[in-house]
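# Per-entry structural report
These are the residues of each chain, in order.
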Amino acid sequence: MMDEKMLLKALGDVDESFIEEADPSGSCGKSKKTAKILCAAAAAAVTVTAALLLQSGLISLGGRETVILQNGEEIVFSKGGDFSSFSLADSNVSVRELSSEECSKILNGLPFEGTARFSSEGEHEIFGIDGKINDVKISAWRTDDMYMDTVIVGSEKKSQVDGISVTAGYFESMPNSRGEVTVIYYASFKIGETSFYLENAGDKKDGESIREKLAEALSEIIEKGEPDFSAVKY
Amino acid sequence: MEDSAIVDLFFERSQQAVTEAADKYGKYCHSIAYNILGSYEDSEECVNDTYLKAWESIPPNRPAVLKTYLGKLTRNLALNRYEYLTAEKRGGGQTVLVIDELKQVLGEDGNPAYSFDGEPLRKVINDFLAGLKTEQRKIFMRRYWYLSSVKEIAREYGISESKVKMSLSRSRKALKKALEKEALNDG
(Lines give C-alpha, C1' and ligand atoms only; values in the text may rest on other atoms or scores of the structure.)
Protein backbone atom coordinates (compact mmCIF):
# COMPACT_ATOMS: atom_id res chain seq x y z
CA MET A 1 0.00 0.00 0.00
CA MET A 2 1.29 3.39 -0.93
CA ASP A 3 1.31 6.17 1.62
CA GLU A 4 2.20 9.83 1.23
CA LYS A 5 5.79 9.37 2.43
CA MET A 6 6.33 6.70 -0.22
CA LEU A 7 4.84 9.01 -2.83
CA LEU A 8 7.07 11.86 -1.71
CA LYS A 9 10.10 9.60 -2.06
CA ALA A 10 8.91 8.30 -5.42
CA LEU A 11 8.60 11.87 -6.66
CA GLY A 12 12.32 12.20 -6.02
CA ASP A 13 13.09 9.78 -8.84
CA VAL A 14 11.48 11.73 -11.67
CA ASP A 15 13.14 12.58 -14.95
CA GLU A 16 16.12 14.87 -14.41
CA SER A 17 14.93 17.35 -17.01
CA PHE A 18 11.98 18.23 -14.75
CA ILE A 19 14.33 18.74 -11.81
CA GLU A 20 16.57 21.02 -13.83
CA GLU A 21 13.63 22.91 -15.27
CA ALA A 22 12.42 23.89 -11.79
CA ASP A 23 15.91 24.45 -10.35
CA PRO A 24 15.64 27.51 -8.07
CA SER A 25 19.15 28.63 -8.98
CA GLY A 26 18.18 28.80 -12.64
CA SER A 27 15.19 31.04 -12.16
CA CYS A 28 15.92 34.50 -10.91
CA GLY A 29 12.36 35.60 -10.26
CA LYS A 30 11.41 39.11 -11.21
CA SER A 31 9.94 39.88 -7.82
CA LYS A 32 12.84 38.63 -5.75
CA LYS A 33 15.05 40.97 -3.86
CA THR A 34 18.46 39.70 -4.76
CA ALA A 35 21.95 40.62 -3.84
CA LYS A 36 24.58 39.05 -6.00
CA ILE A 37 27.63 38.08 -4.11
CA LEU A 38 30.74 36.08 -4.64
CA CYS A 39 31.10 32.78 -2.93
CA ALA A 40 33.31 33.06 0.10
CA ALA A 41 36.01 30.45 -0.25
CA ALA A 42 37.09 28.45 2.71
CA ALA A 43 40.18 29.81 4.31
CA ALA A 44 42.00 29.17 7.50
CA ALA A 45 40.86 31.36 10.30
CA VAL A 46 43.34 33.81 11.66
CA THR A 47 43.38 34.69 15.27
CA VAL A 48 44.28 38.27 15.72
CA THR A 49 43.93 40.22 18.85
CA ALA A 50 42.49 43.48 17.76
CA ALA A 51 41.60 46.42 19.85
CA LEU A 52 37.92 46.47 20.47
CA LEU A 53 36.64 49.18 18.22
CA LEU A 54 33.10 48.80 19.17
CA GLN A 55 30.88 49.40 22.03
CA SER A 56 27.87 47.27 21.59
CA GLY A 57 24.48 48.67 22.30
CA LEU A 58 22.09 45.83 21.74
CA ILE A 59 18.72 47.05 20.67
CA SER A 60 16.33 44.29 19.69
CA LEU A 61 13.02 45.77 18.71
CA GLY A 62 10.84 44.44 15.91
CA GLY A 63 13.53 42.10 14.58
CA ARG A 64 16.28 44.69 14.45
CA GLU A 65 19.61 44.64 16.23
CA THR A 66 22.09 47.46 16.33
CA VAL A 67 25.81 47.74 16.84
CA ILE A 68 27.02 51.18 17.78
CA LEU A 69 30.49 51.97 16.49
CA GLN A 70 33.06 53.88 18.46
CA ASN A 71 32.51 56.99 16.36
CA GLY A 72 28.87 56.94 17.32
CA GLU A 73 27.59 55.64 14.00
CA GLU A 74 25.48 52.54 14.09
CA ILE A 75 24.83 49.51 11.93
CA VAL A 76 21.32 48.16 12.06
CA PHE A 77 20.78 44.47 11.29
CA SER A 78 17.25 43.64 10.18
CA LYS A 79 15.96 40.15 10.67
CA GLY A 80 15.24 38.30 7.43
CA GLY A 81 12.72 35.55 6.89
CA ASP A 82 14.63 33.46 4.41
CA PHE A 83 18.14 33.00 3.13
CA SER A 84 19.26 30.84 0.31
CA SER A 85 22.29 30.84 -1.92
CA PHE A 86 22.78 29.11 -5.19
CA SER A 87 25.89 28.42 -7.17
CA LEU A 88 26.04 29.94 -10.59
CA ALA A 89 28.26 28.68 -13.36
CA ASP A 90 31.93 29.10 -12.61
CA SER A 91 33.59 27.09 -15.33
CA ASN A 92 35.52 30.10 -16.61
CA VAL A 93 37.11 30.93 -13.31
CA SER A 94 40.45 29.95 -11.81
CA VAL A 95 41.02 30.22 -8.11
CA ARG A 96 44.39 30.70 -6.44
CA GLU A 97 45.42 30.88 -2.80
CA LEU A 98 46.90 34.28 -2.01
CA SER A 99 50.26 34.62 -0.30
CA SER A 100 50.37 36.49 3.00
CA GLU A 101 52.14 39.35 1.23
CA GLU A 102 49.40 39.60 -1.40
CA CYS A 103 46.72 39.37 1.28
CA SER A 104 48.29 42.19 3.19
CA LYS A 105 48.57 44.39 0.11
CA ILE A 106 45.16 43.79 -1.33
CA LEU A 107 43.22 44.85 1.75
CA ASN A 108 45.64 47.55 2.76
CA GLY A 109 47.27 45.73 5.67
CA LEU A 110 44.21 44.08 7.18
CA PRO A 111 44.68 40.52 8.54
CA PHE A 112 43.01 38.92 5.53
CA GLU A 113 43.58 35.33 4.36
CA GLY A 114 41.98 33.88 1.31
CA THR A 115 41.90 33.29 -2.40
CA ALA A 116 41.51 35.30 -5.59
CA ARG A 117 39.37 34.42 -8.58
CA PHE A 118 40.65 35.03 -12.07
CA SER A 119 39.27 34.64 -15.52
CA SER A 120 40.63 31.36 -16.82
CA GLU A 121 40.81 32.84 -20.30
CA GLY A 122 42.44 35.83 -21.98
CA GLU A 123 44.25 38.22 -19.69
CA HIS A 124 43.38 36.25 -16.54
CA GLU A 125 41.78 39.31 -15.10
CA ILE A 126 41.07 39.20 -11.38
CA PHE A 127 37.35 39.05 -10.56
CA GLY A 128 37.52 39.30 -6.85
CA ILE A 129 38.69 37.85 -3.59
CA ASP A 130 37.19 35.52 -1.00
CA GLY A 131 38.48 34.80 2.45
CA LYS A 132 38.30 35.76 6.08
CA ILE A 133 39.25 38.42 8.55
CA ASN A 134 39.02 37.10 12.11
CA ASP A 135 36.49 34.39 11.17
CA VAL A 136 34.33 36.88 9.26
CA LYS A 137 33.80 35.72 5.67
CA ILE A 138 34.68 38.42 3.16
CA SER A 139 33.99 38.58 -0.54
CA ALA A 140 34.93 41.56 -2.67
CA TRP A 141 34.58 41.97 -6.41
CA ARG A 142 34.68 44.51 -9.16
CA THR A 143 32.80 42.99 -12.04
CA ASP A 144 29.31 41.70 -12.62
CA ASP A 145 30.54 38.14 -13.12
CA MET A 146 29.13 36.54 -9.99
CA TYR A 147 29.25 32.99 -8.78
CA MET A 148 26.54 33.14 -6.18
CA ASP A 149 23.06 34.55 -6.13
CA THR A 150 21.93 35.07 -2.60
CA VAL A 151 18.25 35.63 -2.13
CA ILE A 152 17.51 37.80 0.84
CA VAL A 153 13.93 37.93 1.93
CA GLY A 154 12.75 40.33 4.54
CA SER A 155 13.18 43.93 5.36
CA GLU A 156 16.62 45.44 5.07
CA LYS A 157 17.96 48.50 6.76
CA LYS A 158 20.57 50.80 5.33
CA SER A 159 23.08 52.39 7.70
CA GLN A 160 25.77 54.96 7.04
CA VAL A 161 29.36 54.24 8.12
CA ASP A 162 31.91 56.90 7.22
CA GLY A 163 29.67 57.99 4.37
CA ILE A 164 29.34 54.44 3.01
CA SER A 165 25.85 53.02 2.71
CA VAL A 166 25.72 49.60 4.41
CA THR A 167 22.89 47.13 4.06
CA ALA A 168 22.80 44.67 6.94
CA GLY A 169 20.63 41.86 8.18
CA TYR A 170 20.55 38.58 9.99
CA PHE A 171 18.83 35.19 9.87
CA GLU A 172 18.14 32.53 12.40
CA SER A 173 17.95 28.84 11.58
CA MET A 174 15.35 26.50 13.00
CA PRO A 175 16.62 24.69 16.12
CA ASN A 176 18.59 21.54 15.30
CA SER A 177 18.07 18.21 17.04
CA ARG A 178 20.01 19.56 20.02
CA GLY A 179 17.91 22.69 20.16
CA GLU A 180 20.75 24.89 18.91
CA VAL A 181 19.96 27.85 16.68
CA THR A 182 22.47 29.23 14.20
CA VAL A 183 22.46 32.94 13.56
CA ILE A 184 23.93 34.41 10.37
CA TYR A 185 24.74 38.12 10.21
CA TYR A 186 25.56 39.70 6.88
CA ALA A 187 26.35 43.12 5.46
CA SER A 188 26.92 44.40 1.96
CA PHE A 189 28.31 47.71 0.80
CA LYS A 190 30.33 49.33 -1.95
CA ILE A 191 33.54 51.33 -1.76
CA GLY A 192 34.33 53.03 -5.04
CA GLU A 193 34.05 50.39 -7.74
CA THR A 194 34.37 47.45 -5.34
CA SER A 195 31.41 45.62 -3.85
CA PHE A 196 31.74 43.79 -0.55
CA TYR A 197 29.76 41.06 1.15
CA LEU A 198 30.56 40.10 4.76
CA GLU A 199 29.05 37.23 6.70
CA ASN A 200 29.58 35.82 10.17
CA ALA A 201 27.66 32.90 11.63
CA GLY A 202 27.59 30.84 14.78
CA ASP A 203 25.54 29.70 17.73
CA LYS A 204 22.81 32.16 18.60
CA LYS A 205 23.96 32.31 22.21
CA ASP A 206 27.14 33.95 20.88
CA GLY A 207 25.13 36.30 18.68
CA GLU A 208 26.38 39.51 20.23
CA SER A 209 30.01 38.59 19.71
CA ILE A 210 29.32 37.32 16.16
CA ARG A 211 27.59 40.58 15.28
CA GLU A 212 30.36 42.68 16.77
CA LYS A 213 33.09 40.79 14.91
CA LEU A 214 31.31 41.45 11.65
CA ALA A 215 30.87 45.13 12.47
CA GLU A 216 34.53 45.35 13.48
CA ALA A 217 35.72 43.86 10.18
CA LEU A 218 33.33 46.09 8.27
CA SER A 219 34.54 49.18 10.10
CA GLU A 220 38.18 48.32 9.40
CA ILE A 221 37.59 47.68 5.70
CA ILE A 222 35.77 50.97 5.26
CA GLU A 223 38.47 52.81 7.17
CA LYS A 224 41.19 51.33 4.90
CA GLY A 225 39.32 52.22 1.74
CA GLU A 226 39.03 50.54 -1.63
CA PRO A 227 41.13 47.38 -2.03
CA ASP A 228 44.07 47.32 -4.40
CA PHE A 229 43.38 44.44 -6.76
CA SER A 230 46.39 45.40 -8.86
CA ALA A 231 48.55 43.92 -6.09
CA VAL A 232 47.59 40.46 -7.33
CA LYS A 233 48.56 38.97 -10.67
CA TYR A 234 47.54 35.59 -12.05
CA MET B 1 35.46 22.69 -13.18
CA GLU B 2 33.29 20.82 -15.68
CA ASP B 3 31.02 18.11 -14.27
CA SER B 4 32.68 15.44 -16.40
CA ALA B 5 36.06 16.35 -14.90
CA ILE B 6 34.65 16.09 -11.39
CA VAL B 7 33.15 12.68 -12.19
CA ASP B 8 36.54 11.62 -13.57
CA LEU B 9 38.09 12.58 -10.23
CA PHE B 10 35.59 10.32 -8.48
CA PHE B 11 36.60 7.51 -10.81
CA GLU B 12 40.28 8.20 -10.08
CA ARG B 13 39.40 7.97 -6.35
CA SER B 14 40.81 11.45 -5.85
CA GLN B 15 39.52 13.20 -2.74
CA GLN B 16 39.62 16.39 -4.77
CA ALA B 17 36.38 15.12 -6.32
CA VAL B 18 34.52 15.79 -3.08
CA THR B 19 36.12 19.22 -2.71
CA GLU B 20 35.15 20.20 -6.26
CA ALA B 21 31.63 18.81 -5.94
CA ALA B 22 31.15 20.63 -2.65
CA ASP B 23 32.48 23.87 -4.08
CA LYS B 24 30.20 23.74 -7.09
CA TYR B 25 27.01 22.20 -5.70
CA GLY B 26 27.27 22.47 -1.92
CA LYS B 27 24.85 25.40 -1.68
CA TYR B 28 22.38 23.76 -4.06
CA CYS B 29 22.33 20.58 -1.97
CA HIS B 30 22.14 22.56 1.24
CA SER B 31 19.07 24.47 0.06
CA ILE B 32 17.32 21.16 -0.76
CA ALA B 33 18.18 19.68 2.64
CA TYR B 34 17.22 22.86 4.46
CA ASN B 35 13.77 22.96 2.81
CA ILE B 36 13.14 19.46 4.13
CA LEU B 37 14.78 19.65 7.54
CA GLY B 38 14.53 23.32 8.45
CA SER B 39 17.76 23.13 10.40
CA TYR B 40 21.11 24.55 9.35
CA GLU B 41 23.16 21.96 11.24
CA ASP B 42 21.09 18.96 10.24
CA SER B 43 21.27 20.14 6.64
CA GLU B 44 25.05 20.45 6.84
CA GLU B 45 25.32 16.88 8.13
CA CYS B 46 22.97 15.70 5.43
CA VAL B 47 25.04 17.38 2.69
CA ASN B 48 28.20 15.80 4.09
CA ASP B 49 26.45 12.43 3.89
CA THR B 50 25.63 13.26 0.27
CA TYR B 51 29.32 13.51 -0.59
CA LEU B 52 29.95 10.19 1.13
CA LYS B 53 27.14 8.55 -0.84
CA ALA B 54 28.50 10.07 -4.04
CA TRP B 55 31.95 8.72 -3.19
CA GLU B 56 30.49 5.26 -2.60
CA SER B 57 28.34 5.23 -5.73
CA ILE B 58 30.65 6.87 -8.32
CA PRO B 59 31.93 4.51 -9.65
CA PRO B 60 30.15 2.37 -10.70
CA ASN B 61 27.63 5.09 -11.52
CA ARG B 62 28.61 7.79 -13.99
CA PRO B 63 25.94 10.49 -13.61
CA ALA B 64 24.97 12.32 -16.78
CA VAL B 65 23.98 15.40 -14.76
CA LEU B 66 26.05 15.63 -11.59
CA LYS B 67 23.96 18.43 -10.12
CA THR B 68 20.68 16.51 -10.13
CA TYR B 69 22.47 13.31 -9.11
CA LEU B 70 23.76 15.03 -5.97
CA GLY B 71 20.39 16.72 -5.54
CA LYS B 72 18.59 13.38 -5.56
CA LEU B 73 21.04 11.91 -3.05
CA THR B 74 20.54 14.91 -0.79
CA ARG B 75 16.77 14.77 -1.06
CA ASN B 76 16.65 11.05 -0.17
CA LEU B 77 19.07 11.47 2.72
CA ALA B 78 17.16 14.47 4.05
CA LEU B 79 13.84 12.64 3.89
CA ASN B 80 15.36 9.67 5.74
CA ARG B 81 16.75 12.04 8.32
CA TYR B 82 13.39 13.76 8.57
CA GLU B 83 11.74 10.42 9.36
CA TYR B 84 14.30 9.76 12.07
CA LEU B 85 13.86 13.21 13.54
CA THR B 86 10.07 13.09 13.48
CA ALA B 87 10.18 9.68 15.13
CA GLU B 88 11.94 11.55 17.90
CA LYS B 89 9.30 14.30 17.62
CA ARG B 90 11.81 16.74 16.25
CA GLY B 91 12.51 18.26 12.89
CA GLY B 92 10.86 20.94 10.82
CA GLY B 93 10.92 22.50 7.40
CA GLN B 94 8.19 22.15 4.80
CA THR B 95 8.04 18.36 4.92
CA VAL B 96 5.13 17.96 7.32
CA LEU B 97 3.03 20.38 5.24
CA VAL B 98 3.93 18.68 1.98
CA ILE B 99 3.10 15.24 3.37
CA ASP B 100 -0.24 16.58 4.52
CA GLU B 101 -0.95 17.90 1.03
CA LEU B 102 -0.03 14.57 -0.57
CA LYS B 103 -2.61 12.86 1.64
CA GLN B 104 -5.16 14.49 -0.66
CA VAL B 105 -3.72 12.43 -3.52
CA LEU B 106 -3.82 9.12 -1.70
CA GLY B 107 -6.45 9.48 0.97
CA GLU B 108 -5.99 9.79 4.72
CA ASP B 109 -4.59 6.30 5.31
CA GLY B 110 -2.84 5.70 2.01
CA ASN B 111 -4.35 3.82 -0.88
CA PRO B 112 -4.27 0.01 -0.89
CA ALA B 113 -5.12 0.01 -4.61
CA TYR B 114 -1.75 1.55 -5.41
CA SER B 115 0.47 -1.48 -5.04
CA PHE B 116 2.73 -0.56 -7.93
CA ASP B 117 6.09 1.07 -7.35
CA GLY B 118 9.54 1.23 -8.95
CA GLU B 119 9.60 1.79 -12.70
CA PRO B 120 5.80 1.66 -13.25
CA LEU B 121 5.28 4.35 -10.64
CA ARG B 122 8.15 6.40 -12.04
CA LYS B 123 6.57 6.22 -15.50
CA VAL B 124 3.17 7.34 -14.20
CA ILE B 125 4.71 10.32 -12.46
CA ASN B 126 6.89 11.25 -15.44
CA ASP B 127 3.93 11.01 -17.81
CA PHE B 128 1.83 13.06 -15.44
CA LEU B 129 4.53 15.74 -15.26
CA ALA B 130 5.02 15.75 -19.02
CA GLY B 131 1.30 16.45 -19.40
CA LEU B 132 1.35 19.57 -17.25
CA LYS B 133 1.89 23.05 -18.65
CA THR B 134 5.42 24.28 -18.04
CA GLU B 135 4.61 26.77 -15.27
CA GLN B 136 2.27 24.36 -13.52
CA ARG B 137 4.97 21.67 -13.69
CA LYS B 138 7.63 24.00 -12.32
CA ILE B 139 5.37 24.98 -9.43
CA PHE B 140 4.62 21.31 -8.71
CA MET B 141 8.33 20.42 -8.77
CA ARG B 142 9.27 23.36 -6.59
CA ARG B 143 6.76 22.24 -4.00
CA TYR B 144 7.12 18.46 -4.11
CA TRP B 145 10.72 17.97 -5.25
CA TYR B 146 12.50 20.99 -3.78
CA LEU B 147 9.95 21.34 -0.95
CA SER B 148 9.93 25.10 -1.34
CA SER B 149 7.35 27.02 0.65
CA VAL B 150 4.24 28.36 -1.10
CA LYS B 151 5.38 31.85 -0.20
CA GLU B 152 8.75 31.30 -1.80
CA ILE B 153 7.23 29.87 -4.99
CA ALA B 154 4.81 32.79 -5.25
CA ARG B 155 7.66 35.24 -4.88
CA GLU B 156 9.80 33.34 -7.37
CA TYR B 157 7.17 33.37 -10.11
CA GLY B 158 5.67 36.74 -9.29
CA ILE B 159 2.19 35.35 -8.59
CA SER B 160 -0.05 35.30 -5.55
CA GLU B 161 0.11 32.55 -2.94
CA SER B 162 -3.51 31.66 -3.66
CA LYS B 163 -2.64 31.11 -7.32
CA VAL B 164 0.19 28.79 -6.31
CA LYS B 165 -2.15 26.84 -4.03
CA MET B 166 -4.73 26.64 -6.81
CA SER B 167 -2.13 25.34 -9.27
CA LEU B 168 -0.91 22.74 -6.76
CA SER B 169 -4.45 21.63 -6.02
CA ARG B 170 -5.15 21.09 -9.73
CA SER B 171 -1.88 19.19 -10.12
CA ARG B 172 -2.63 16.93 -7.16
CA LYS B 173 -6.03 16.10 -8.64
CA ALA B 174 -4.39 15.30 -11.98
CA LEU B 175 -1.83 13.08 -10.25
CA LYS B 176 -4.58 11.33 -8.35
CA LYS B 177 -6.36 10.58 -11.64
CA ALA B 178 -3.14 9.29 -13.19
CA LEU B 179 -2.54 6.97 -10.23
CA GLU B 180 -6.14 5.75 -10.28
CA LYS B 181 -5.85 4.98 -13.99
CA GLU B 182 -2.63 3.02 -13.45
CA ALA B 183 -4.20 1.14 -10.52
CA LEU B 184 -7.07 0.09 -12.79
CA ASN B 185 -4.64 -1.08 -15.48
CA ASP B 186 -2.51 -2.81 -12.86
CA GLY B 187 -5.51 -4.54 -11.34
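This is a predicted model, so every value here is computed, not measured.

Attention now moves to the overall build of chain A. Along chain A, the regular secondary structure elements total four helices and 14 strands. The buried share of chain A, reckoned over its 234 residues, is 52%. Put simply, 60% of the contacts in chain A that link residues at least 6 apart link residues at least 24 apart. A total of about 10,300 Å² of accessible surface is found on chain A, and carbon and sulfur atoms cover 47% of it.

Time to look at unusual backbone geometry. A cis amide bond links Ile58 of chain B with the next residue in sequence, Pro59 of chain B, at an omega value of -10°. Checked against the element boundaries, Pro59 of chain B lands in the loop between helix H3 (40-57) and helix H4 (66-87). The omega torsion across Pro59 of chain B and Pro60 of chain B is 15°, close enough to zero to call that bond cis. Look at Asp135 of chain A: it is not a glycine, yet its phi comes out positive at around 75°. Among the structural elements, Asp135 of chain A can be located in the loop between strand E8 (126-133) and strand E9 (136-141). Taking relative accessible area as the criterion, Asp135 of chain A reaches 33% and is therefore assigned partly exposed. You will see that Asp162 of chain A, though not glycine, has its phi angle at about 50°, which is positive. Among the secondary structure elements, Asp162 of chain A is positioned in the loop between strand E11 (157-161) and strand E12 (164-172). We classify Asp162 of chain A as partly exposed; its relative accessible area is 47%.

This next bit is on the confidence of the model for chain B. Within chain B, residue pLDDT values average 85, and 91% of them lie at 70 or more. Reported for the predicted complex are a pTM of 0.47 and an ipTM of 0.79.

This paragraph deals with the pairing of E12 of chain A. Residues and elements named next belong to chain A. Along E12, seven of the nine residues are buried, which leaves the element largely enclosed by surrounding structure. As defined by bridge partners, E12 adjoins strand E13 (residues 182-191) across seven bridges and the pair is classed as antiparallel. Within the sheet, the bridge partner assigned to Phe171 lies in E13 and is Ile184.

A few words on the packing of aromatic side chains. Residue and element names in this part refer to chain B. Summed over all chains, the structure comprises eight aromatic pairs over all chains. Residues Phe10 and Trp55 carry aromatic rings whose centres are separated by 6.2 Å and whose planes lie at 55° to one another, so their mutual orientation is tilted. Residue Phe10 is found in helix H1 (residues 3-11), and its partner Trp55 is found in helix H3; the two are separated by 45 residues along the sequence. Residue classification places Phe10 among the buried positions, given a relative accessible area of 1%. Among the aromatic residues, ring-to-ring pairing joins Tyr28, Trp145 and Tyr146 into one connected group.

Rules behind the numbers
Residues numbered from 1 in each chain as written. Chains lettered and ligands numbered in written order. Predicted model: local features only at pLDDT ≥ 70, side-chain atom pairs only at ≥ 80, totals over all residues. Heavy atoms only, no water. Helix = DSSP H or I, 4+ residues; strand = E, 2+ residues; numbered from the N terminus. Buried < 20%, exposed > 50% of the residue type's maximum accessible area, 1.4 Å probe, protein only. Contact = heavy atoms within 4.5 Å. Areas by Shrake-Rupley, 256 points an atom, 1.4 Å probe, with all protein chains shown as cover. pLDDT = per-residue confidence, 0-100. Pairing = 2+ DSSP bridges. Phe/Tyr/Trp six-rings, centres within 6.5 Å; stacked < 30°, edge-to-face > 60°.

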